[in-house]
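Observations on the three-dimensional arrangement
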Amino acid sequence: MTPYAVKLAFRHLFSHPGQTALLMAGVALGVSVFIFMSALIGGLATLLTLRTVGSIPHIVLERPDRDPTVLVNHPGAQVVLQKDLSRRDQIAIWQPMIPIIEKTAGVIAVSPQIRGSAFVVRGQAVSPVGVIGTMAGKLSEIANIDAAIIAGSASLPADGILIGSVLARDLGLRVGQVVQITSDRGRSRSFRIGGVFTLGIASADRQSIYMNFTTARALFDLSTGVSRIEIKVRPATDAAGIAEHLRLSTSLKATAWTEDNQQLFEGLDAQARTGTIIKAFSLVTIIVGIASAMLLSIVRRQAEIGIMRAMGASRGLVISIYVLEGTLIGLIGAIMGALAAWLALLPLPPVSAVKSGGLPIDRQQGDFLLAIALTTIAAMLASVLPARHAARIDPVEAIGA
Amino acid sequence: MTKAPILSVTGLTKDFGEGETQTHVLKDISLAMVEGEMAALLGPSGSGKSTLLTILGTLMRASGGTYDMLGVDLMHVSEAQRTEFRSKNLGFVFQFHHLLPDLSALENVMMPAACAAGWETAPMRDRASELLDAVGLSDHRDFRPAALSGGQRQRVAVARALINNPVLVLADEPTGNLDRESADHVMDLMRTINQKMGSSFLISTHDERIAARCQRRIELLDGRIVRS
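None of these values were measured; they are calculated from a predicted model.

**Things to note about the side chain of D172 of chain B**
Residue and element names in this part refer to chain B. Along the chain, the position of D172 falls in strand β7 (residues 168-172). The buried charged residue D172 lacks any salt bridge partner; its closest oppositely charged side chain belongs to K49, at an N-O distance of 6.7 Å. At 3.1 Å, the side chain of D172 forms a polar contact with the side chain of S204.

Right under this line is the structure:
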């Protein structure tokens, strides 16, 4: 690529500014679509992931299943396995594990919990609920209950509970009222409703009750252990790997949120593939547009190319002029498109702040540099064939000598 | 003093097409030129003048015969070697000026040298300025071709043909598109350059007035040289 080729390529671009601007605008539009699709698909994935994992634990540690070991391995033997139901499902020795879990890379929150099934009784109305006993200061570690409180407060004294808004509506409960809760261990106790929350997850808002850790221990007759340890990690998509690491380091059963949400991942994957196809089409459009424009330009400049070849210009020089011209159209158009897309996406709120019905566009996932690089490479490739055609122009035919 | 030969052609032929449709455009052409010579190539339309100039200019290969110039066997060199030879030793002036519309007069004159070197240099610019002075267009060096008259464009084309100090300038009907006054001006110019710079000229023309101003007449009829 000689300086003279660069000069002539730029001179060609500026000789027909209107046509060049139109061509670059076409490239810019394609690049804007590319970036918009990247930001939209990425933002949608982030939003769905946020909505899905925002209020659930990313990893749950529980006591491992204790199926009996089969010692008979005879082909004709019939073996009946009976689960060991003689002991409570609990993590008996849990406190030494907390520092190990907290020090694991990616772990951002750890919440030991006591969980159990119970009934809320008010008058003649009875409703089954899941009770979650959390330690002081750990209430909002997994689901952000503090932010979800719509009435009362998020404090949990020994006789206080927080209930979901759907449950409150179904049973006609309000903050300050007293309800009777009977656990699946047969223990009953009265609690005062301290707050009502809405997480936006129907099952949680209908069936979840939060209470003090110590109170839950007594209600479910669990003297030392905990039911489970819930963990949040960052990024949430690393949960499977971290879960495997924790399984090995704690010998507990570790379940990542991804195991229960395969459909979400399949949906996100299909969505990403759709986005890739749309982006590929926009790149193909750019390639076809630039190749057509370059071919037209070469046909128009046939006599000029012929005279240059007659005057001693090598085929290499001709090829480099037109490949550079196409590449510059791609590069400048791509930068213009990326800039336009960046400015257009600037006023949009971050994905976490998107209201219902709004477009979840994540500017950070716009793939701006990738779009510029791919478009420039595509433009260069699109120019190669027309440039080779230009280099093969016979000067005698072109200038009519 | 004997002048050095620059070009020697023997038994040159050029055929177009094949079989029954084959046309013999040039037949057994033998020709020699020496340095500083200014020759007119005359002949009616279809006599093969342009084809001969095109072959001598290495823009087309002959079908047969020999063609040596400055000791190089131009019948048996590669395309790239012919391109390099052309840029160093030959200049062209065509009936139509064929200036590049995006370049100024000065840049057009520099173009053949810049193509060969890969960039424009200060000495190249100085040489182009001198040539534009020589063709009387020193005050038009920044003009684009569209802003020049037909005669001025052809004078720029003459200057362009001389930028690489060619041994031979091949001019195909260089005054064919010009009015009488402009034609005389261009012819005077080529004559002056021939005398001052020593470049040889082979000028194809129909015009007897142009031929009369050359040292030598080469007449072509039906693809054969009938007078040289």
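**Some points on the pairing of strand β1 (residues 59-62) of chain A**
Residue and element names in this part refer to chain A. Bridging between β1 and strand β9 (residues 228-233) involves three bridges; their strand directions are antiparallel. Bridging across to β9, L61 finds its partner in I229. For β1 and strand β10 (residues 253-256), the ladder comprises four bridges, and the chain directions are antiparallel. Bridge assignment links V60 to a residue of β10, and that residue is T255.

**Describing the domain arrangement of chain A**
Accessible area lost when the parts come together is the quantity often used to give the size of an interface. Each domain of chain A was delimited in the assignment, giving domain 1 (3-52 + 264-399) and domain 2 (97-251). The distance between the C-alpha centroids of domain 1 of chain A and domain 2 of chain A comes to 53 Å.

**What about the interface of chain B and chain A?**
Each partner contributes to the interface: chain B provides 26 residues, whereas chain A provides 26 residues. Interface area, chain B with chain A, both sides summed: about 2,200 Å², of which 65% is carbon and sulfur. Together, H98, D102 and C115 of chain B form the three largest contributors to the area buried by chain B at its contact with chain A, with a combined 24%. Linking chain B to chain A there are five salt bridges.

**Some thoughts on the environment of V323 of chain A**
Here V323 of chain A is to be found in helix α11 (residues 315-345). Apart from residues lying up to four places away in sequence, V323 of chain A is in contact with M380, S383, V384 and A387 of chain A.

**Side note on the environment of E266 of chain A**
The residue E266 of chain A is located in helix α9 (residues 262-300) in this model. Here the alpha-carbon distance between E266 of chain A and G357 of chain A, two residues 91 residues apart in the chain, equals 23 Å.

**Considering a nonpolar patch on the surface**
Residues and elements named next belong to chain A. Side chains of V70, L71, V72, V79 and L81 sit close together on the surface and give an oily, nonpolar patch of about 490 Å² of accessible area. Tracing the backbone through its elements, the reader meets L71 in the loop between β1 and α3 (97-102). According to the relative accessible area criterion, L71 is exposed, its value standing at 77%.

**Section: unusual backbone geometry**
Here the residue pair R234 of chain A and P235 of chain A is connected by a cis peptide bond, since its omega of -5 degrees sits within 30 degrees of zero. Here P235 of chain A lies in the loop between β9 and α8 (239-250). Phi angles above zero are rare outside glycine, and H98 of chain B is one such case at about 55 degrees. With respect to the secondary-structure elements, H98 of chain B resides in the loop between β6 (90-93) and α3 (105-117).

**A few points about the sheet that holds strand β2 (residues 23-34) of chain B**
Residues and elements named next belong to chain B. Spatially, β2-β1-β4-β5 is the arrangement adopted by the four strands of the open sheet, whose pairing is antiparallel. At either margin of the open sheet sits one strand with a lone partner, and together these are β2 and β5 (72-73). In this structure, strand β4 (residues 64-69) lies alongside β5, joined through two bridges in antiparallel fashion. Note that in β5 the partner of M69 across the bridge is V72.

**A word on the nonpolar core**
Counting 127 residues, the largest nonpolar core has M308 of chain A together with L12 and L202 of chain B as the members making the most contacts within it. Each residue touching M308 of chain A, except ones within four places of it in the same chain, is listed here: L8, A313, L317 and I321 of chain A together with L100, M111 and C115 of chain B. Among the nonpolar cores identified, the runner-up in size contains 48 residues, and W94, I114, V196 and A254 of chain A belong to it.

**Focus on the packing of helix α1 (residues 3-15) of chain A against helix α2 (residues 17-53) of chain A**
All names here are of chain A. Direction vectors running N to C along α1 and α2 enclose 95 degrees, while the axes themselves pass 5 Å from each other. Judged by the inter-axis angle, α1 sits roughly perpendicular to α2. Facing α1, whose interface residues are L13, F14 and S15, α2 presents P17, T20 and M24. Residue classes in the contact of α1 with α2 are distributed as four nonpolar, two polar and no charged.

Criteria and cut-off values
Residues numbered from 1 in each chain as written. Chains lettered and ligands numbered in written order. Predicted model: local features only at pLDDT ≥ 70, side-chain atom pairs only at ≥ 80, totals over all residues. Heavy atoms only, no water. Helix = DSSP H or I, 4+ residues; strand = E, 2+ residues; numbered from the N terminus. Buried < 20%, exposed > 50% of the residue type's maximum accessible area, 1.4 Å probe, protein only. Lys, Arg positive; Asp, Glu negative; His and termini not counted. Salt bridge = Lys/Arg side-chain N within 4 Å of Asp/Glu carboxyl O. Polar contact = N/O pair within 3.5 Å; in protein donor to acceptor, adjacent residues only side chain to side chain. Pairing = 2+ DSSP bridges. Domains from an automatic or database assignment. Contact = heavy atoms within 4.5 Å. Buried area = accessible area lost by both parts, 1.4 Å probe. Patch = residues over 30% accessible without salt bridge, like charges linked within 9 Å, V, L, I, M, F, W, Y side chains within 5 Å. Areas by Shrake-Rupley, 256 points an atom, 1.4 Å probe, with all protein chains shown as cover. Core = buried A, V, L, I, M, F, W, Y, C linked by side-chain atoms within 4.5 Å. Axes fitted to C-alpha atoms, helices over the stretch in contact; angles between N-to-C directions. Parallel < 35°, antiparallel > 145°, perpendicular 65-115°, else oblique. Nonpolar A, V, L, I, M, F, W, Y, C, P; charged D, E, K, R; others polar.

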